[in-house]
Amino acid sequence: QAQLVESGGGLVEPGGSLKLDCIDYSWSINFNVLGWYRQAPGKPRELVASITRDGITNYADAMKVRFKISRTSGMTTVFLQMSSLKPEDTGVYYCNMARASLIYWGQGIQVTVSS
């Protein structure tokens, strides 16, 4: 059973940066894909970025230039470096770790972009 814990969220002004971390403290599952999703108020959860064991990344178009996903080689930690943040980036960010049909989610962490 994976135990995903996110950290690094908070309040930031427009144009600022934040880095999110997500750690699987169980180290019990050999995940193949790690990712970040977000859910803005009143909107469905959407993919922000993902990264595979081979290092292949995938980004939502709106985040492709401003965000960068990375991970540890052991696939137990995933990071999201966010830059040039905009008010529309506000939402709850969830990390996601998957291996075949096994999918685990973090509890979510709030990111608020506001002056």
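Scroll up for the structure.
Rules used throughout
Residues numbered from 1 in each chain as written. Predicted model: local features only at pLDDT ≥ 70, side-chain atom pairs only at ≥ 80, totals over all residues. Heavy atoms only, no water. Phe/Tyr/Trp six-rings, centres within 6.5 Å; stacked < 30°, edge-to-face > 60°. Helix = DSSP H or I, 4+ residues; strand = E, 2+ residues; numbered from the N terminus. Buried < 20%, exposed > 50% of the residue type's maximum accessible area, 1.4 Å probe, protein only. Lys NZ or Arg CZ within 6 Å of the ring centre and 35° of its normal. Disulfide = S-S within 2.5 Å. Pairing = 2+ DSSP bridges.

Caption draft 1: Local environment of the packing of aromatic side chains. The final tally for this structure, using the stated rule, is three aromatic pairs. Measuring from ring centre to ring centre gives 6.5 Å for Tyr 94 and Trp 105, while their planes differ by 85 degrees; the resulting arrangement is edge-to-face. Remark: Trp 105 occurs in strand E10 (residues 102-105) and Tyr 94 occurs in strand E9 (residues 91-99); sequence separation between them is eleven residues. Under the relative-accessibility criterion, Trp 105 is labelled partly exposed at 37%. By the ring-pair criterion, three or more aromatic residues cluster together here, those being Tyr 37, Tyr 94 and Trp 105. Lying across the ring of Phe 79, Lys 19 places its NZ or CZ 4.7 Å from the centre. The positively charged end of Arg 45 is found above the aromatic ring belonging to Tyr 94, 3.6 Å away from the centroid.

Caption draft 2: Representation of the state of the cysteines within the structure. Taken as a whole and judged by the stated rule, the model has one disulfide. The residue that forms a disulfide with Cys 22 is Cys 95, at a sulfur-sulfur distance of 1.9 Å. Residue Cys 22 is found in strand E3 (residues 18-24), and its partner Cys 95 is found in strand E9; the two are separated by 73 residues along the sequence. For Cys 95, a relative accessible area of 0% translates into the label buried.

Caption draft 3: Summary view of the pairing of strand E8 (residues 77-82). Taking burial as the measure, the six residues of E8 include five buried ones, the bulk of the element. Direction of pairing for E3 relative to E8: antiparallel, over a ladder of six bridges. Paired with Asp 21 across the strands is Phe 79, a residue of E8. Connecting strand E7 (residues 67-71) to the next strand, E8, in antiparallel fashion are five residues, including Met 75 with a positive phi near 60 degrees.

Caption draft 4: The arrangement of the pairing of strand E4 (residues 33-39) in detail. The sheet contact formed by E4 and strand E5 (residues 46-52) spans six bridges and is antiparallel. Following the sheet pairing, Arg 38 is matched in E5 by Glu 46. Hairpin connection from E4 to E5: six residues lie between these consecutive antiparallel strands, with Gly 42 at a positive phi of about 75 degrees. The sheet contact formed by E4 and E9 spans seven bridges and is antiparallel. When the sheet's bridge partners are listed, Trp 36 is paired in E9 with Cys 95.

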